[in-house]
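What follows is the residue order along each chain.
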Amino acid sequence: MVISLRAGSKAEWNSLKSVIMHNPGPEIFFNSLLNQEIKNHSVLSELLVMHGQIVERLKDNFGISVNLVDGLIRDIPVSEDNELYSKLLSLAFESISILSDSDQKNSSARIPGYMDPYSLFLLTLYGPSIRYHKDRAVSIELNRVMGGLVRMNDYYLTAPEGLIMGAGKSPEKAIETILAEIVMKSLGIRPDFKITAGAAAGGDIIPAGDFLLIGYGSRTSIEGIMQLLSSSNLHEEIVIVHE
């Protein structure tokens, strides 16, 4: 499925017609454990139900086209000649470690066969270490848990020049930004510009009628803001708000 779309500044201001969303998966549960954000983990199930209800409301009540990340990833053709599959394969291989009891990474290890794109996506999210023990037992350790894709608007923003991909401060955010770009490209939407200096989160860019708010703090740096302003004519009046 390919959608012909030219992103522009009005995409942030006019009525929503199409949206990309990520179904919260196990990464949200593990992320909440790591950050101790959810004391009563039954709340997580309620959040998942709420997310499903939001998707249904957007489609049924407002006629908005909802594109889910997992579905878009699964639809990527399994071929190393495909740009998006090849990028997923590279990300997954960089994310996985295969070890023996000697703690030496097996540099000759390869992801077997033509693994489906969603499995490559999961390997990238969790960065697992797979350890083969002398007694033939196998243990798996998750080296990271990336739960940021539930906030897809953090990875890009629209400007008069087109779509701008943001940049994350942490290595995990950098990988999530690449995954978000793969998702956008799967819909035939290619970024016109990428933030390469500092960090910039799309969720920190807030249209506010006659002016634009840009948040500065833990997710968006001054360097990212300066590159954004120098590369795009976002708005005549811009207010920078410190976190």
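The structure presented is a predicted model; accordingly, all values stated were derived computationally and were not measured.

Conventions we followed
- Residues numbered from 1 in each chain as written.
- Predicted model: local features only at pLDDT ≥ 70, side-chain atom pairs only at ≥ 80, totals over all residues.
- Heavy atoms only, no water.
- Helix = DSSP H or I, 4+ residues; strand = E, 2+ residues; numbered from the N terminus.
- Buried < 20%, exposed > 50% of the residue type's maximum accessible area, 1.4 Å probe, protein only.
- Contact = heavy atoms within 4.5 Å.
- Areas by Shrake-Rupley, 256 points an atom, 1.4 Å probe, with all protein chains shown as cover.
- Core = buried A, V, L, I, M, F, W, Y, C linked by side-chain atoms within 4.5 Å.
- Pairing = 2+ DSSP bridges.
- Axes fitted to C-alpha atoms, helices over the stretch in contact; angles between N-to-C directions.
- Polar contact = N/O pair within 3.5 Å; in protein donor to acceptor, adjacent residues only side chain to side chain.

Q: So, the overall build of the protein: which residues are in play, and what are the values?
A: When helices and strands are tallied, the protein shows seven helices and 11 strands. In the protein, which comprises 243 residues, the proportion classed as buried is 41%. For the protein, restricting intrachain contacts to residue pairs at least 6 apart in sequence, the fraction spanning at least 24 positions comes to 68%. On the protein, roughly 13,700 Å² of surface is accessible, and the fraction owed to carbon and sulfur atoms is 53%.

Q: Before we move on, can you summarise the nonpolar core with the specific residues and values?
A: Counting 35 residues, the largest nonpolar core has Ile 20, Ile 73, Phe 121, Met 152, Leu 179 and Ile 182 as its most contacted members. For this core, the secondary-structure elements that each account for two or more residues are α3 (69-74), α4 (83-95), α5 (117-126), β7 (162-165) and α6 (171-186). When neighbours within four sequence positions are excluded, Met 152 is seen to be in contact with Ile 20, Val 69, Ala 180 and Val 183. The next biggest cluster of nonpolar side chains, apart from the first, holds 12 residues, and it includes Ile 164, Ile 195, Leu 212 and Ile 225.

Q: Just give me the short version of the sheet that holds strand β3 (residues 97-100), but keep the residues and values in it.
A: With mixed pairing, the three strands of this open sheet are ordered in space as β3-β4-β5. Each end of this open sheet is capped by a strand with a single partner; those strands are β3 and β5 (138-142). Taking the axes of each pair of neighbouring strands and ignoring which way they run, one obtains an average angle of 20° across the sheet.

Q: Can you explain the pairing of strand β9 (residues 205-208)? Please cite residues and give values.
A: In terms of strand pairing, β9 meets strand β10 (residues 211-216) through four bridges, oriented antiparallel. Bridge assignment links Pro 207 to a residue of β10, and that residue is Leu 212. Here β9 folds back onto β10 in antiparallel fashion, the turn holding two residues, of which Gly 209 has a positive phi close to 75°.

Q: How would you explain the sheet that holds β9 if you had to name every residue and give the values?
A: The mixed open sheet is built from three strands, whose spatial order is β9-β10-β11. A single partner strand is all that each edge strand has here, and the edge strands are β9 and β11 (238-242). Strand after strand, the sheet turns through a mean of 25° between neighbouring axes, direction not considered. Taken strand by strand, helix α7 (residues 222-231) contacts β9, β10 and β11, and its axis lies near 150° from that of β10.

Q: Tell me about the side chain of Thr 220, and please be specific about residues and values.
A: Looking at where Thr 220 falls in the secondary structure, it is placed in the loop between β10 and α7. Note on Thr 220: relative accessible area 1%, which makes it buried. Reaching out from Thr 220, the side chain makes a polar contact with the side chain of Asp 204 at a distance of 2.7 Å.

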